[in-house]
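For reference, the chains in residue letters:
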Amino acid sequence: MRSPIAAILAFLVGAVVLAGYFTPSPLLHSIRTPLLDCAVTLAGVAGLIAIANLVFGVHWKRIRTRASGSSFSIVLIIAFVLTFVAGLFLGPSHPEYQKVVTGIQVPIEASLMAMLGITLAYSSLKFLQRQRNWMGFVFFISVLFFLILNSGLLSFSTDIPILRDLVSGAHQLPVGGARGILLGVALGSLATGIRILIGADRPYNN
Amino acid sequence: MSGSGESQPEEPAGDQGEESEVPDWLMRIRMREQAERESRSKTGEEAAAPKDWLEEMRARQDAESGIASPEEKEESALPDWISDLKAESLQEQPSTSSEPVQASGDEEDDGEWLKKLAAWNQAGSEQNIPAGQPPEEQKPAEPGSGFEQPAPPAAAGGSADESTPDWLRSFLGQPAEESQPQAGGFLSGSEEMPASEEQPVEKTISDEEKASFDEFMKSRHAELVEQNLPGEEVPGEAETQPEPEPLSESGQTAETTPGDEVYDFSSEEKSPEQPEETPHAEAASLPTAGETPAGETALSAQASEADLEWLSEYHETFEEEGQAEAATEQAGKGKEEEKPEQPFLGVNRYDWAAKPEEAAGENAEEIESAKLPPWLQKLRSVDSIPLAEAVEPAKTKTESEGPLAGIEGALQSAEVADLYTKPLTYSTKVQVTERQSMRADILRSMVEKHAVKTESAEVAAKHRFLLGKMLIGLLLIVAAVVPLVLQPGTALLPAIYPPETANAYTLVNAIPAEKTVLVAADFEAGLSGEISLSSQMLVEHLMLRNLPMAILSTNPTGSALMDSILDKAQVNAGGYDRANQVISLGYLPGGSVGLQELARDPSAAMPFTSSLTPAWDLPALQNVHAVSDFGAVVVITEDADSARYWVEQVQPVLGTTPLIVVCSAQAAPMLQPYYDSGQISGLVSGLSGAAAYEQILQRPGSAVNVYGAYQLILVILILVILIGGAVSLIRSSTQTNRA
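Starting from 1, residues in each chain are numbered consecutively following that chain's sequence as written. Numbering of ligands from 1 and lettering of chains from A proceed in the order in which they are written. With pLDDT at 70 or above as the cut-off, local features in this predicted model cover only qualifying residues; side-chain atom pairs require 80 or more to be listed or tallied, and sums for whole chains, interfaces and linings still use all residues. Hydrogens are left out, water is left out, and the side-chain values use all remaining heavy atoms of the structure.

### Let's talk about a nonpolar patch on the surface
Then, number 1: Taken together, I477, V478, V481, V482, L484, V485 and L486 of chain B make up a surface patch of nonpolar side chains, about 620 Å² in accessible area.
Then, number 2: In this scheme, a residue with accessible area under 20% of its type's maximum is buried, one over 50% is exposed, and one in between is partly exposed, where area comes from a 1.4 Å probe on protein chains only. Residue L484 of chain B is classed as partly exposed on the basis of its relative accessible area of 39%. Any residue with relative accessible area above 30% and no salt bridge may belong to a patch, with like charges joined within 9 Å and the nonpolar Val, Leu, Ile, Met, Phe, Trp and Tyr side chains within 5 Å. In this description, accessible areas are obtained by the Shrake-Rupley approach with a 1.4 Å probe, and a residue is regarded as covered only by the protein chains that are shown. A carboxyl oxygen of Asp or Glu within 4 Å of a side-chain nitrogen of Lys or Arg is what we treat as a salt bridge.

### Considering the confidence of the model for chain A
Then, number 1: A residue's pLDDT is the predictor's confidence in that residue, given on a scale from 0 to 100. For chain A, the average pLDDT comes to 84, and 98% of its residues sit at 70 or higher.
Then, number 2: The way it works is that DSSP assigns letters per residue, a run of H or I at least four long becomes a helix, a run of E at least two long becomes a strand, and they are numbered from the N terminus. Mean pLDDT across the secondary structure elements of chain A bottoms out at helix α5 (residues 127–130) of chain A, with 76, and peaks at helix α3 (residues 70–90) of chain A, with 90.

### Regarding the interface of chain A and chain B
Then, number 1: Contacts: residue pairs with any heavy atoms within 4.5 Å of one another. Each partner contributes to the interface: chain A provides 50 residues, whereas chain B provides 57 residues.
Then, number 2: Buried area adds together the accessible area that both of two parts lose upon being put together, with accessible area traced by a 1.4 Å probe. Summing both sides of the interface, chain A and chain B together bury roughly 4,600 Å²; the carbon and sulfur share of this comes to 70%.
Then, number 3: Together, Y122, L125 and L182 of chain A form the three largest contributors to the area buried by chain A at its contact with chain B, with a combined 13%.
Then, number 4: For the pair chain A and chain B, the number of links is two salt bridges.
Then, number 5: Polar contacts here mean pairs of N or O atoms no more than 3.5 Å apart (in protein, one a potential hydrogen donor and the other a potential acceptor; neighbouring residues in sequence count only if both atoms are side-chain atoms). Counting the contacts that link chain A with chain B gives six residue pairs in polar contact (both at pLDDT 80 or more).

### A few points about the sheet that holds strand β2 (residues 549–553) of chain B
All names here are of chain B.
Then, number 1: Strand pairing is defined by DSSP finding a minimum of two bridges between the two strands. Read across the sheet, six strands follow the order β3-β2-β1-β4-β5-β6 without closing on themselves; strand pairing throughout is parallel. Of all strands in the sheet, those with a lone pairing partner are β3 (582–587) and β6 (682–685), marking the two edges. Neighbour-to-neighbour, the strand axes of the sheet open up by a mean angle of 15°, direction not taken into account.
Then, number 2: Where strand β1 (residues 517–522) meets strand β4 (residues 632–637), six bridges bridge the pair, whose relative direction is parallel. In the strand pairing of β4, D522 is matched with T637.
Then, number 3: Lines fitted to C-alpha atoms define the axes, with helix axes restricted to the stretch in contact, and inter-axis angles between N-to-C directions lie between 0 and 180 degrees. Contacts from helix α20 (residues 528–544) reach β1, β2, β4, β5 (659–663) and β6, with the element oriented near 145° to β5.
Then, number 4: On top of the sheet, helix α25 (residues 640–654) reaches β1, β2, β4 and β5; it is set at about 175° to β4, its chief contact.

### Concerning the environment of G152 of chain A
Then, number 1: Here G152 of chain A lies in the loop between α6 (134–151) and α7 (161–198).
Then, number 2: Residue class for G152 of chain A comes out buried when judged on its relative accessible area of 10%.
Then, number 3: Apart from the residues lying within four places of it in its own chain, the contact partners of G152 of chain A are L492, Y707 and Q711 of chain B.

### Some thoughts on the pairing of β1 of chain B
All names here are of chain B.
Then, number 1: The buried count for β1 comes to six of six residues, which makes it a mostly enclosed element.
Then, number 2: Of the two faces of β1, both are covered, the one formed by V517, V519 and A521 as well as the one formed by L518, A520 and D522.
Then, number 3: Both β1 and β2 contribute to a ladder of four bridges, which runs parallel. Bridging from a neighbouring strand, V519 pairs with I551 of β2.
Then, number 4: For crossovers, right-handed means that the path from the first strand over the helix to the second runs clockwise, given strands pointing away from the viewer. Since β1 and β2 lie parallel, the crossover through α20 that links them has a hand, and here it is right-handed.

### Remarks on the environment of V101 of chain A
Then, number 1: For V101 of chain A, the position within the fold is in helix α4 (residues 95–125).
Then, number 2: If near-sequence neighbours (up to four positions away) are discounted, V101 of chain A is found in contact with V106 of chain A together with T557, A560 and L561 of chain B.

### Side note on the packing of aromatic side chains
Each aromatic ring pair is summarised here by two numbers: the centre-to-centre distance and the angle between the ring planes.
Then, number 1: Note on ring pairs: Phe, Tyr and Trp rings are taken, using the six-membered ring of Trp, and paired if centres are within 6.5 Å. Classes follow the plane angle, with under 30 degrees stacked, over 60 edge-to-face and the rest tilted. The final tally for this structure, using the stated rule, is four aromatic pairs over all chains.
Then, number 2: A centroid spacing of 5.4 Å and a plane angle of 85° characterise the contact between F145 of chain A and F146 of chain A, whose relative ring orientation is edge-to-face.
Then, number 3: Exposure remark for F146 of chain A: the relative accessible area of 23% places this residue in the partly exposed category.
Then, number 4: Pairing Y505 of chain B with Y693 of chain B gives two aromatic rings, centres 5.8 Å apart and planes at 75°, and the pair type is edge-to-face.

### Some points on the pattern of salt bridges
Then, number 1: Here the structure, examined in full by the defined rule, presents eleven salt bridges over all chains.
Then, number 2: Of the charged contacts, one joins D641 of chain B and R644 of chain B as a salt bridge, the two residues approaching to 3.1 Å between their closest N and O atoms. Here the residue D641 of chain B and the residue R644 of chain B both occupy positions in helix α25, the gap between them amounting to three residues, near one helical turn.
Then, number 3: Residue class for D641 of chain B comes out partly exposed when judged on its relative accessible area of 34%.
Then, number 4: When its relative accessible area of 10% is taken as the criterion, R644 of chain B is described as buried.
Then, number 5: Because the salt bridges share partners, they merge into one network encompassing D37 of chain A together with E597 and R600 of chain B.

So, in structure tokens, the structure goes:
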């Protein structure tokens, strides 16, 4: 909806939900509840539409136009149909049906994660070849330190008070950085929400 | 000077051929003149009033000059060649004075001075024409030529008249003897032009002369109108025309200055004595000093010779042209039966329309065609110019296509389309010359050497990359398998338990037995291995405490992955009634919005189980009306954001209900602040946390067994990174030194 109506509607809904969040008013509660229900329902339906678009809009079109990789699209559609039919008949909690997830999806994704680890390890070998500067060297040293720190090889440091304190302090270093990131994320989320409420950003207008 | 070849100054022998050239009006004039002469000769009456003025002029002229015979004077004054021409022209019919009148109105403007000459010539021709000579012999002037028949030089006895213009008098200054017949005279014909150093045409006409001439023309025109005879010559007019000023013996007239010569432009024919004259020959034919009277005429003769050289040039140039043109004219001409009276009576007038052959009828052997100079040709009348063949109209074409099909003479639309061609297409192809291609080949050969090296280096690098990854992978696999196979559980376990892990243990231990624990399985399949190791002991702890659990997930695969963990935990825990104690609520869509809905009203957010049975009627959830009614909320996730959503949306409404998070090692730093702020009650992060939890629980678990391999892998990675970094440093420094 390319009109002020969309912006007004977004503002009203956001304001009501936000007000209901801070104000335990029954009226706002009564308005906020159906809005949230609708949002949840829409999110679920949007997921279903996304799946349908992926199957019919992308892969089926690729098969029809005989584009490159259409054979994989055929496999995907077949797997989808089988899984969909099995889920309808068996149910998502059926143990046999859950093997589709545990037997196929888990190994595939786990393998990808493993390859990621190996790739990172190999890249770290040539890190100093590409980043021959002070920041690169510092990064290289920090990677090694925290690998050693988290590996548990310094468990003997608990017996040494100074070392123990140092190790404890070292454990807090990442936390400090994470806290800064979280603060930034929070502020950004706050600004984004305000921009949507005031109509400066309209992600619903595409 | 020889005249043009178009019309010959020859005698009327070519009259018949002239008929086609002579326009109708001229013909009528000639006929009338002829009739007048005949009537005059019959009646013998004197000329009418319009001729009186001419007679007067003649009488005055005679009285003043005292010349007895105009002919004699002319002959004595004019150069021989002019006199010869004059003699020949005397044979022609005098032209009527009406011709100039009958000339078209357009000609009066152009040939005004010629009209004067015509009038003068007429007066002179009457004296010069021998008796009985047909009037056709004299050829009328071309009306459009702009050159009327010039007045003959002063006739024998003709004296300067008051009404005679000065320029005309100067023509009469040359004695008759000085004139010689010129072949192809410039103005061939019966007229004789007074020779002078300057061409007569160059003489300016004074206003008085113009006025006198105008008066004459008006009177003449009035006469003609009264007589209702267009173009008719008034009888006696020729006689009344002012006689040309006779040439003096010295070749000068009374008004001419010494040195002036009278040139007879009326010479029509080429002198038979000079059939083909060269400029030099013609100059030689010019009257010499010897031929002229001695004394005063000597200089004038010499001057005339010099002046007339240009005439000789014209003569030679146009002689041949005149012959050719005359031939063409003769072929296309009609028959001219009569020759009207010449306006220049007594003087052979140059007949523009006469053909050389016709004119040569009388003196074919002697007279040659005259040639007109270019400037004179331009002034010729249109009628004298042989008409070109009529241009045939373009052949009409019958249209064969289009809306005009079948119509003849229509615009050729189809042809118009043919005029437009396809626009040129410029090729985008590079036009390379031979030299350029040769240079390009040289450059290519120079570059190819380096390119080959680059390709081989890239292939080698790629191979090294693959080999390195394979080697590292093998090392890691060995490091992971060997400890598990040889000595499981051999590891350097942490001596100090993390406080967040200890709190998690404490909180789980403190959950009331009748309270249901909400377990959120928000992890993906990729890190399910680490998560399962990390959460296994906590779930076993919950089962050991026989706490009911409500399982939900904010992603579609979480619930399925959670079932595998529950199965293993159930096996380890033993005696846990999973069927009644564990309720699977399914998938909660909407992300943070769904969590907010859950936080507001869990029964509304997830009313059914994964089996589509009402969940909140089950015994495990009967006492749960809000999220805070749960004994604890355990969030199992590998993503820090998911945990954050739970912290932001659900934790505010939990109250005293603890929020315990089980996460991967990568998310732990991001969730540590939440633990430090108290929003997260307990935190179990990664394999180390799980190992610590197992140590606290004092139950052997898979985490401890795997922890040794985990440590070995980390050691190997550390070594690989160290060695690789060192090698990189050394190699790069070596290359730098070499460079």
